[in-house]
Amino acid sequence: MTHSNLFSALRAAFPADLSSIAVETDEGLLYSWQDLDRATAMMANLLQSLDLPEGSRVAVQVEKSVEAMMLYLATLRAGYVFLPLNTAYQSAEIEYFIGNAEPAVVVCSPANFGWVSKIAFKAGTQHVFTLGDDRTGSLLERAAHHSDQHKPVPCQADDLAAILYTSGTTGRSKGAMLTHGNMLSNAVTLKDYWGWTATGGPTGQGDVLIHALPIFHVHGLFVAIHGALINGSKMIWMAKFEPKRAIAHMSRATVFMGVPTLYVRMLAEPTLNKEAVKNMRLFIAGSAPLLIETFTEWQQRTGHTILERYGMSETAMLTSNPYAADKRYAKQSERRGGTVGFPLPGVSLRVRGDDGQDMPLGEIGGIQVKGPNVFKGYWRMPEKTAEEFTADGFFKTGDVGKVDERGYVTIVGRSKDLIISGGYNVYPAEIEGYINEMPGVTESAVIGVPHPDFGEVGVAVVIAKPGANLKPEAILADLKAKLANFKIPKRCFVVAELPRNTMGKVQKNLLREQYKNLF
Ligand code: MCA
Ligand code: AMP
């Protein structure tokens, strides 16, 4: 059997000197490569001691910490399936994910143990551990009793490594099943494509990554962590993004990855200038459209051109603007603002019209992709999976875009009804469902409108039942009690009617136009 455990590939890239520093936290804690190796071995041994069935899911909702990253690596190492959950999710959301994924192990913050364990045990989970962001909790206590030696469990490239929940236009969240092979192929490609170096550079120690993103989504968990580890690169670990501190770290770092909101917030800091970034090699942006204003302002202030790339939970990274260091890949060396660059090596990308035919260059259609990075399917949803793939095996991204004559891909919109707010996805159908159930509500429409900080935010437009006295603040407060905070519309309006087309369908484009200047 081929040994394709992703952890083994990452471990093989650790530097020879295991006593050197792998992670330095914002609070000044230092973790060596040996610490990563030993602690992940202990956690992997703990997981294996539980005698879990093959393919068991380990669902994790904890605050960002180096130990939380180690738990991810330990899950890979032990051959189980990692299921990360946004810390903002509340009980109804967690109940759905746990009920749907049926994890054998759940790890939560000590403060949430009461309600999370209740949900987990009800769903049949056998083991619930806690992990605090200050190295407290039963997970580490239990792991401390296990050996710090562990042989990674052999895996096939096609074995599941993680399930990431994501949603479509309608219905509940779907679990995208990513394999060891999906993620390893993407990590290896990006290491080359983005010119990671393990030695030299201004710090003398090769690349150093500022890790500023949450670790429950593809960007922070996979692109950033795999990127650093597979290059044996040190990470400067920020538990929470804070623009001033991120800029201060840049004198000792070379690579930064962020969603556009992070760049917008750093641009608001007077300390951001050419001197502050003089050691930096690469700024990467993705997860949401980077406004051309942000791209240009960043260039003027820092002298650096942000490299924008595009990906999805289902596919990890798909396209990237070029990093000129390696001419094999850089058909053009220019990073073009407003585009997401070229399909990555190994990724096939095509643009198709509604009739299923290829669109001519420069014309807009649905983006479809194929490659070793494309997921295995949606967890326990074979019909949904079949719907999202074409007969010849391309995945329909739901993004709308075009490819120009030089090969640059531009995303112009989305056919899926999705709002991307500060890099987090918000599904209008989910929010509308909650509003429509409130007493006194006839109907609602949630739309995305431009926002200077988050790029886009949700706005709810609600119709009241005759005689009902609906208060926008009460609607928002009710939502806040039930849903993750980033999903709450930033404004709510109670109106007499919604614009409709002749079929009676709400015309969200007209609502978006009407409310576009709110912020
Ligand atoms: C926080 N708030 C938000 C958001 N974040 N509202 C809308 N959108 C958001 N993204 C609100 C909270 O509800 C709260 O409101 C208030 O802001 C303060 O919350 P706090 O958590 O303190 O906010 P923050 O620390 O300022 O967070 C902003 C942030 C964060 C740093 C931009 O949202 C973030 O880390 N975003 C990155 C997301 C990410 O990693 N995405 C990658 C997905 P109130 O006080 O009213 O409750 S991976 C992906 O998309 C694909 C695959 C890809 O290509 O990478
Ligand atoms: P997720 O469901 O979190 O995986 O979000 C994936 C979606 O984020 C994609 O389908 C795109 O709509 C969007 N996205 C990711 N990167 C970019 C980008 N650079 N520009 C525009 N949209 C992006």
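Here goes a summary of the coordinates provided.

1. A look at the site of ligand 2
No. 1: Around ligand 2, a shell composed of 18 residues is seen, among which Arg309, Ser313, Asp399, Lys416 and Asn425 lie nearest.
No. 2: Protein contact buries 91% of the 500 Å² of open area that ligand 2 shows by itself.
No. 3: Broken down by element, the shell around ligand 2 gets its largest block of residues, 5 residues, from strand E13 (residues 307-312).
No. 4: Class assignment of the residues belonging to the shell around ligand 2 gives a composition of 8 nonpolar, 5 polar and 5 charged.

2. Topic: the sheet that holds strand E24 (residues 455-464)
No. 1: Spatial ordering of the open sheet is given by E23-E24-E25, a layout of 3 strands whose pairing is mixed. Each edge of the sheet is formed by a strand with only one pairing partner; in this case those strands are strand E23 (441-451) and strand E25 (491-495). Neighbour-to-neighbour, the strand axes of this sheet turn through a mean angle of 25°, independent of strand direction.
No. 2: When E23 meets E24, the two strands line up antiparallel, connected through 10 bridges. Each residue of the ladder has a partner; that of proline 450, found in E24, is glutamate 456.
No. 3: The strands touched by helix H13 (residues 428-436) within the sheet are E23 and E24, with E23 carrying the most contacts at an inclination of about 145°.
No. 4: Relative to E25, helix H14 (residues 472-482) is tilted by about 130°, and along the sheet it contacts E24 and E25.

3. A closer look at the sheet that holds strand E19 (residues 395-403)
No. 1: Spatially, E16-E17-E19-E20 is the arrangement adopted by the 4 strands of the open sheet, whose pairing is antiparallel. The sheet terminates laterally at strand E16 (348-352) and strand E20 (409-414), the two strands that pair on one side only. This sheet shows a mean twist of 50° between the axes of neighbouring strands, independent of strand direction.
No. 2: Relative to E20, E19 is paired through 5 bridges, and the arrangement is antiparallel. Bridging from a neighbouring strand, valine 403 pairs with valine 409 of E20.

4. Description of the site of ligand 1
No. 1: Every one of the 25 residues lining ligand 1 counts as a neighbour, but Lys240, Arg265, Ser287, Ser421 and Lys490 are closest to it.
No. 2: Between a nitrogen atom of ligand 1 and a main-chain N or O atom of serine 421, the distance comes to 2.7 Å.
No. 3: Here glycine 422 contributes a backbone N or O atom positioned 3.0 Å from a nitrogen atom of ligand 1.
No. 4: Look at ligand 1: alone it shows 1,000 Å² of surface, and the protein chains cover 76% of it.
No. 5: Those elements that provide at least two residues to the shell around ligand 1 are helix H8 (218-229), helix H10 (260-267) and E13.
No. 6: Here the residues of the shell around ligand 1 are counted per class, giving 10 nonpolar, 10 polar and 5 charged.

5. Section: the pairing of strand E12 (residues 282-285)
Along any regular strand the residues' side chains alternate between the sheet's two faces.
No. 1: Side chains Leu282 and Ile284 of E12 all project onto a buried face; the interleaved residues Phe283 and Ala285 project onto the opposite face, where all are buried too.
No. 2: Relative to E12, strand E11 (residues 255-258) runs parallel, the two sharing 4 bridges. Within the sheet, the bridge partner assigned to phenylalanine 256 lies in E12 and is phenylalanine 283.
No. 3: Handedness of the crossover is the feature at issue here: the chain leaves E11, passes through H10, returns alongside E12, and the resulting connection is right-handed.
No. 4: As defined by bridge partners, E12 adjoins E13 across 2 bridges and the pair is classed as parallel. The residue of E13 that forms the bridge with alanine 285 is glutamate 308.

Rules used in this analysis
- Residues numbered from 1 in each chain as written.
- Chains lettered and ligands numbered in written order.
- Predicted model: local features only at pLDDT ≥ 70, side-chain atom pairs only at ≥ 80, totals over all residues.
- Heavy atoms only, no water.
- Near = heavy atom within 4 Å.
- Areas by Shrake-Rupley, 256 points an atom, 1.4 Å probe, with all protein chains shown as cover.
- Helix = DSSP H or I, 4+ residues; strand = E, 2+ residues; numbered from the N terminus.
- Nonpolar A, V, L, I, M, F, W, Y, C, P; charged D, E, K, R; others polar.
- Pairing = 2+ DSSP bridges.
- Axes fitted to C-alpha atoms, helices over the stretch in contact; angles between N-to-C directions.
- Contact = heavy atoms within 4.5 Å.
- Polar contact = N/O pair within 3.5 Å; in protein donor to acceptor, adjacent residues only side chain to side chain.
- Buried < 20%, exposed > 50% of the residue type's maximum accessible area, 1.4 Å probe, protein only.
- Right-handed = clockwise from strand over helix to strand, strands pointing away.

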